[in-house]
Amino acid sequence: MNPLHRIIITLSLILASALPSLADTPYMELVDKADKACAEGKWDEAARALQDAIKEEPDNPGNVLLLSNIGMVRYNLGLDSLAIETFNRALDIAPSSVTIIANRAKVYTAMGLEQEAFNDYSRIMLLDSTYVTARFNHGLIAMRHRMFDVAKEDFEYLKKHYPASDEALIGEAAMHSLTGEYKEAIPLYTEILRKIKEPEYYGARAYCYLVTGDLQAAAEDIARALELAPDDGELYLYRAALNKMHFRPDDARKDAEKAIKLGVDPARAREFINK
């Protein structure tokens, strides 16, 4: 289920259960209409229905959640800056809403504004220490920006307090990879892939296999990942490395050139192109 659709359904249930007499009001009918539009990916229609609901009952306390949903609808429409503006309005009303802050952080990340997203996740962690996803994303951003002590603290916290969570497992695997403990990372990625068969985790395990010299396993993981994400330049770079290890320089060059076309930094691919 689409996360936004889930949020609106939750809001509908909350309002209907708390205020059963309003279940058939124009306000709830508009919320239900937005719910249905989101389920069908009709974002423009959903935005109009949510805005009309707010106009119908401007003093309804549920409007702050509708504003948050409007922000996510606008994000789905590609209107990132307008989405941020909407979240800001919602937070003026409910400054401690971790849901709204998390939605804004997601959009900041998509916009490449990782410092702003990092600050929002830090804020969520102060408001709700049990919000696993916020701490996980906080750690990922820290790791990408080489704040390794911060990332380690976040992932160790998850491992200690939420050891059964996917986030704890992924964080531990990422930290092993980051610190060069590739053999230790492999079984963790294998455990992750039992539950989450995403190309990024096949790719991460493939890289570990490449570094540790298990080329057959690396080839299998790269092939699986490319089936799922045929436009991922990083995977072509891994395959270029694999081809170079197999003494196939022409194939390595072709893969490296493909990686560059898909956005990989040419400096990283240079060694596979130059003879």
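Per chain, residue numbering runs from 1 following the sequence as it is written. Totals for whole chains, interfaces and linings use all residues, but because this is a predicted model, local features are given only for residues with pLDDT of at least 70 and pairs of side-chain atoms are given and counted only at 80 or more. Excluded from the side-chain calculation are hydrogens and water; included are all heavy atoms of the structure.

K.L.:
Would you mind going over the layout of surface pockets with me for this structure?
P.N.:
If a probe as big as a water molecule is rolled over the atoms, it shows which places are left empty. The volume enclosed by the second largest pocket comes to roughly 210 Å³. Every residue along the wall of the second largest pocket is listed here: K152, F155, E156, K159, A168, G171, E172, M175, H176, T179 and E181. The helix and strand labels rest on DSSP assignments: H or I over at least four residues marks a helix, E over at least two residues marks a strand, and numbering proceeds from the N terminus. Contributing elements (two or more residues each) for the lining of the second largest pocket: helix 9 (148-161) and helix 10 (166-178). Here the lining of the second largest pocket gets 5 residues from one element, more than from any other, and that element is helix 10. Basically, the charged four are Asp, Glu, Lys and Arg, the nonpolar ten are Ala, Val, Leu, Ile, Met, Phe, Trp, Tyr, Cys and Pro, and anything else, Gly included, counts as polar. The residue makeup of the lining of the second largest pocket, split by class, is 3 nonpolar, 3 polar and 5 charged. Here a cavity is any set of points on a 1 Å grid over the protein atoms alone where a 1.4 Å probe fits but cannot get out, and a pocket is any open set with protein on both sides within 12 Å along at least 5 of 7 lines; a residue lines the site when it has an atom within 4 Å of a point. Grid points are joined across faces, edges and corners, and a volume is the space filled by probe spheres set on the points.

K.L.:
Honestly, the pattern of salt bridges in this entry has me stumped. Any pointers?
P.N.:
Working definition: two side chains of opposite charge can pair if their charged atoms are close together. Salt bridges are counted wherever a side-chain nitrogen of Lys or Arg sits within 4 Å of a carboxyl oxygen of Asp or Glu. One pass over the structure, following the stated rule, counts 15 salt bridges. We note a salt bridge from R104 to D120, for which the minimum N-O separation is 2.8 Å. Here D120 lies in helix 7 (residues 114-127) and R104 lies in helix 6 (residues 98-110), a separation of 16 residues in the sequence. Among the charged side chains, a salt-bridge network with shared partners connects K36, E40 and K42.

K.L.:
In this structure, what is going on with the packing of aromatic side chains? I would like to understand it.
P.N.:
The way to describe two aromatic rings as a pair is by their centre distance and the angle between their planes. Two aromatic rings from Phe, Tyr or Trp, using only the six-membered ring of Trp, form a pair when their centres are within 6.5 Å; if the ring planes differ by under 30 degrees the pair is stacked, by over 60 it is edge-to-face, and anything between is tilted. Counted under the stated rule, the structure contains 3 aromatic pairs. Taken together, a centroid distance of 5.8 Å and an interplanar angle of 70° make the contact between Y182 and Y207 edge-to-face. Of this pair, Y182 sits in helix 11 (residues 182-195) while Y207 sits in helix 12 (residues 199-212), placing them 25 residues apart in sequence. Each ring, one from Y207 and one from Y238, has its centre 5.5 Å from the other, and the planes form 45°; the classification is tilted. Residue Y207 is located in helix 12, and its partner Y238 is located in helix 14 (residues 233-245); the two are separated by 31 residues in the primary sequence. Residue burial is assigned from relative accessible area. The probe radius is 1.4 Å, only protein chains are included, and a residue is buried under 20% of its type maximum, exposed over 50%, and partly exposed in between. Relative accessible area serves as the criterion here: at 33%, Y207 is assigned to the partly exposed category. The buried category is assigned to Y238, whose relative accessible area is 15%.

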